[in-house]
Amino acid sequence: MTTGSCIGISTMKPCCRILTKISDSSMVRVLSRSSYSSSIHRHRYYRCKNTKIVGYIHVTNLNRRDFSIIDSNWVHSRNFSTDFCVRIGSVRPRVVSLIPNVASNFRNQSTSVDSNVNDKSFENIFIQTSLNAKPLLCEEIETRDQRKLEEDDGSTVNLDYNLNDLSEDKVERELSEIEKEAWELLRSSVVTYCGNPVGTVAANDPAENQPLNYDQVFIRDFVPSALAFLLNGEGEIVKNFLLHTLQLQSWEKTVDCYSPGQGLMPASFKVRTVALDGSNEAFEEVLDPDFGESAIGRVAPVDSGLWWIILLRAYGKLTGDYSLQDRVDVQTGIRLILKLCLTDGFDMFPSLLVTDGSCMIDRRMGIHGHPLEIQALFYSALRCSREMLIVNDTTSSLVAAVSNRLSALLFHMREYYWVNMKKINEIYRYKTEEYSTDAVNKFNIYPEQIPSWLVDWISEEGGYFIGNLQPAHMDFRFFTLGNLWAIVSSLGTTRQNEGILNLIDAKWDDIIGQMPLKICFPALEGEEWRIITGCDPKNTPWSYHNGGSWPTLLWQFTLACIKMGRSDLAQKAVDLAEKRLNADKWPEYYDTRNGKFIGKQSRLMQTWTIAGFLTSKMLLKNPEKASLLFWEEDFEILQNCVCLLNKSGKRKCSRFAARSKTLV
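Everything numeric in this text was worked out from a predicted model, so none of it was measured.

Caption draft 1: Here's a closer look at the overall build of the chain. A tally of helices and strands in the chain yields 21 helices and 19 strands. Each of the 664 residues in the chain was classed as buried or not, and the buried ones make up 61%. Sequence-distant contacts in the chain: of pairs separated by 6 or more residues, those separated by 24 or more amount to 76%. A total of about 26,900 Å² of accessible surface is found on the chain, and carbon and sulfur atoms cover 50% of it.

As structure tokens, this is what we get:
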């Protein structure tokens, strides 16, 4: 390794600077990855009561291991540094940041997860220096406006985001009073870290005495907030969020069943303030992630990494700043998520196998197996990754695996998850116990599984993707999020997408009612509710996840309608929600079959309810921006060879069968 002098520039912009010594004349270990047994990612910051940043100290934690690629030309870090912003009496300290920065030619460097993640070079990051143990002094920059770190081809990020940028000046002047209030509430929910906004809390009701985990920043919950800010021209908070959650991503390979798997994104994080080294005068803030170890049911979030990838693409599309997704640490984060999702296992389906409670429906609701919501998000994340991954010799195999999985998943979902009146009649006439490669009833579905409500409920001109498919089991419930996202991502064909909106239009009172939109239909009741939910008192019939109405789904409904040229449906739903949300204090969800009552345990001032409403309004005003957030049919995916068993028992290339599904 070349030992020339090289001091990296941190992408985490410090508040001020301090004198720091280098204890080794040749190199200093700067970063090491934290043990997640403590569940605390060691970034520290303390904010004074007068909201003025008083200090920032960059220190070393020898119990942490980090990603590094050491090369004679460049050094890059994921910024898994231990950062302290400290208040010590009335003294304002200075700060030095020792995080190396990637050089501008990183596109030409090997960034393969497979080739590097287990290398010894991944264990440590070193700063090369010829200072011979002399103190490293970084000058203090006098004013906040002057404190701007040097950027190298956009690879450094300015996280010194002024909260004044979240001002009313950036919002269109012709806002209604309800929209103005919504923006005020959204801005009041912003969480800061080191003086920079990094997300929004789940709910911000000042009258709530038991916040539980609603005072945390959830990845899935922040997505509509992020889109609202992006559509309003405020991208910095989203960039901060993407980078900070990337730092929290698990990189540990462990055999401990209570530790997060490598590549897993946390469900949420919270900024906690604790005393520094037992002192009463020095404090620090900690980013404390939750990988499911504190969640109800202790289930790891499957959808967090998928939403993170989707939001990363949206950030590039809406801001035009693609340098963020081209960074080596971001590219590596994408690959780790993909590697976690594409890991070989016992499952034979191209759909993703997950457990109950691993997504937006985070309680026991009988969605374990291959729930539609996860498959639609998985398909979207794969499409996003194929767009954003830098293709080189070391990533070509991963890109090929993504393309193959996309084709297989697309065919599987369109063929086996889609139901309309014609398909239900076919299932009604299924033969069972078919043991052969030419079986029609491949999953041994018994016709008696067709529920009585479905025969009369489904419309002649509509259809939808069922909630789940497993051996001898089809969950015929209509899950709104999965079906809407199937439209947005083009997981469904054009006719299927139209059929979903036709069904919603025909069954408006059931799915929209007095408050859009029903999370699923119908609700589990009676003995079925007791067995499947475990007598969950929160998921009683037509409440919460068991048939409750969730206003946050409004933005996804709007996006799907704009894509299919049905903006009138979206406008109708938005107008309906606008009549009540403000008066009802922006609740989390609504109860009863038609969404008449505020949810019995619904939190008020729910942030993603507010953000979903604002995002819907802005999408309807700017449909051209909506087109940046959805996907059209990709015929390259259809042209990939999807090998399936034919009736003769031999394998054939079914690219034509897959292509034909676009016409169904």
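The rest of the description comes next.
Caption draft 2: Examining the packing of helix H8 (residues 372-388) against helix H12 (residues 480-488) more closely. Across the interface, H8 lies against H12 with an axial gap of 7 Å and an inter-helix angle of 25 degrees. One way to sum up the angle between H8 and H12 is to call them roughly parallel. Considering how the two elements wind past one another, H8 and H12 form a crossing that is left-handed. Between H8 and H12, the residues in contact are Leu 372, Glu 373, Ala 376, Leu 377 and Ser 380 and Leu 481, Gly 482, Asn 483, Trp 485 and Ala 486, respectively. Taken together, the residues that form the contact of H8 with H12 break down as 6 nonpolar, 3 polar and 1 charged.

Caption draft 3: Looking closely at the pattern of salt bridges. Under the criterion given, the structure shown has 21 salt bridges. Residue Glu 208 is joined to Arg 603 by a salt bridge in which the shortest nitrogen-to-oxygen separation is 3.4 Å. One end of the pair, Glu 208, is in the loop between strand E8 (196-200) and strand E9 (217-218); the other, Arg 603, is in the loop between strand E17 (597-598) and helix H18 (607-621), with 395 residues separating them in the sequence. Residue Arg 386 pairs with Asp 634 through a salt bridge whose shortest N-O separation is 2.2 Å.

Caption draft 4: A look at unusual backbone geometry. Note that the residue after Pro 516, namely Leu 517, is joined by a cis bond; omega there is -5 degrees. If you trace the backbone, Leu 517 turns up in the loop between helix H14 (508-511) and strand E15 (520-521). With omega at -5 degrees, the peptide bond leading from Phe 521 into Pro 522 counts as cis. As for its position among the elements, Pro 522 is in the loop between E15 and helix H15 (526-533). Despite not being glycine, Lys 585 shows a phi value in the positive range, around 65 degrees. Following the sequence through the fold, Lys 585 ends up in the loop between helix H17 (567-578) and strand E16 (590-591). Its relative accessible area of 47% is what places Lys 585 among the partly exposed residues.

Caption draft 5: Highlighting the sheet that holds strand E11 (residues 283-290). A sheet is described by the order of its strands in space; here 3 strands give the open sequence E9-E10-E11, paired in antiparallel fashion. Edge strands, defined here as strands with exactly one partner in the open sheet, are E9 and E11.

Caption draft 6: Focus on the pairing of E8. Of all 5 residues making up E8, 5 are buried, and the element is well covered by its neighbours. Bridge count for strand E7 (residues 190-193) against E8 is 4 bridges, and the pairing is antiparallel. Directly across from Tyr 193, in E8, lies its bridge partner Asn 196. Where E7 folds back onto E8 in an antiparallel hairpin, the turn is made up of 2 residues, including Cys 194, whose phi is positive at roughly 55 degrees.

Caption draft 7: Representation of the confidence of the model for the chain in the model. With 69% of its residues at a pLDDT of 70 or more, the chain shows a mean pLDDT of 77. Confidence over residues 1-164 falls short of pLDDT 50; this stretch has 425 contacts with residues more than four positions distant or in other chains. In the predicted structure, residues 641-664 sits below a pLDDT of 50 and forms 47 contacts with residues beyond four places in sequence or in another chain.

Caption draft 8: The arrangement of the sheet that holds strand E12 (residues 418-420) in detail. An order of E12-E13-E14-E15 is seen for the 4 strands of this open sheet, with the pairing classed as antiparallel. Of all strands in the sheet, those bounded by a partner on one side alone are E12 and E15. Of the strand pairs in this sheet, strand E14 (residues 473-479) and E15 are connected by 2 bridges, and their pairing is antiparallel. Looking at E15, one finds that Phe 479 is bridged to Cys 520. Seen against the sheet, helix H10 (residues 421-428) touches E12 and E14 and runs at an angle of roughly 95 degrees to E12. Where helix H13 (residues 494-506) meets the sheet, its contacts fall on E12, strand E13 (463-470) and E14, and the angle it forms with E13 comes to roughly 105 degrees.

Caption draft 9: Structural detail: the packing of aromatic side chains. The final tally for this structure, using the stated rule, is 20 aromatic pairs. Consider the rings of Trp 183 and Phe 229, whose centres lie 6.1 Å apart with planes at 55 degrees: the pair is tilted. A residue pair is termed long-range when its members are at least 10 positions apart, and Trp 183 in helix H2 (residues 177-188) and Phe 229 in helix H3 (residues 219-231) qualify at 46 residues. Every member of this aromatic cluster is reached through a ring pair, and the members are Trp 453, Trp 457, Tyr 464, Phe 478, Phe 521 and Trp 542. The ring of Tyr 544 carries the charged tip of Lys 538 above its face, separated from the ring centre by 4.2 Å. Positioned above the aromatic ring of Trp 508, the side-chain terminus of Lys 572 is 4.3 Å from the ring centre.

Caption draft 10: How the structure looks around the nonpolar core. Among the nonpolar cores identified, the biggest contains 158 residues, and Trp 308, Tyr 464 and Phe 557 are the most heavily contacted of them. Those residues in contact with Phe 557, other than ones at most four positions away along the chain, are Leu 484, Leu 501, Ile 504, Trp 508, Leu 517, Leu 569, Ala 570 and Ala 573.

Caption draft 11: Structural context of the pairing of E11. Burial runs high along E11: 7 of the 8 residues are buried. Two elements, strand E10 (residues 268-275) and E11, share 8 bridges in a ladder whose sense is antiparallel. Bridged to Ser 268 within E11 is Asp 290.

Caption draft 12: View of the side chain of Thr 607. Tracing the sequence through the fold places Thr 607 in helix H18. If sequence neighbours within four positions are ignored, Thr 607 has contacts with Leu 186, Ser 189, Thr 200, Val 201, Ala 202, Ala 203 and Ser 225.

What counts and how
Residues numbered from 1 in each chain as written. Predicted model: local features only at pLDDT ≥ 70, side-chain atom pairs only at ≥ 80, totals over all residues. Heavy atoms only, no water. Helix = DSSP H or I, 4+ residues; strand = E, 2+ residues; numbered from the N terminus. Buried < 20%, exposed > 50% of the residue type's maximum accessible area, 1.4 Å probe, protein only. Contact = heavy atoms within 4.5 Å. Areas by Shrake-Rupley, 256 points an atom, 1.4 Å probe, with all protein chains shown as cover. Axes fitted to C-alpha atoms, helices over the stretch in contact; angles between N-to-C directions. Parallel < 35°, antiparallel > 145°, perpendicular 65-115°, else oblique. Left-handed = near helix turned anticlockwise from the far one by under 90°. Nonpolar A, V, L, I, M, F, W, Y, C, P; charged D, E, K, R; others polar. Salt bridge = Lys/Arg side-chain N within 4 Å of Asp/Glu carboxyl O. Pairing = 2+ DSSP bridges. pLDDT = per-residue confidence, 0-100. Phe/Tyr/Trp six-rings, centres within 6.5 Å; stacked < 30°, edge-to-face > 60°. Lys NZ or Arg CZ within 6 Å of the ring centre and 35° of its normal. Core = buried A, V, L, I, M, F, W, Y, C linked by side-chain atoms within 4.5 Å.

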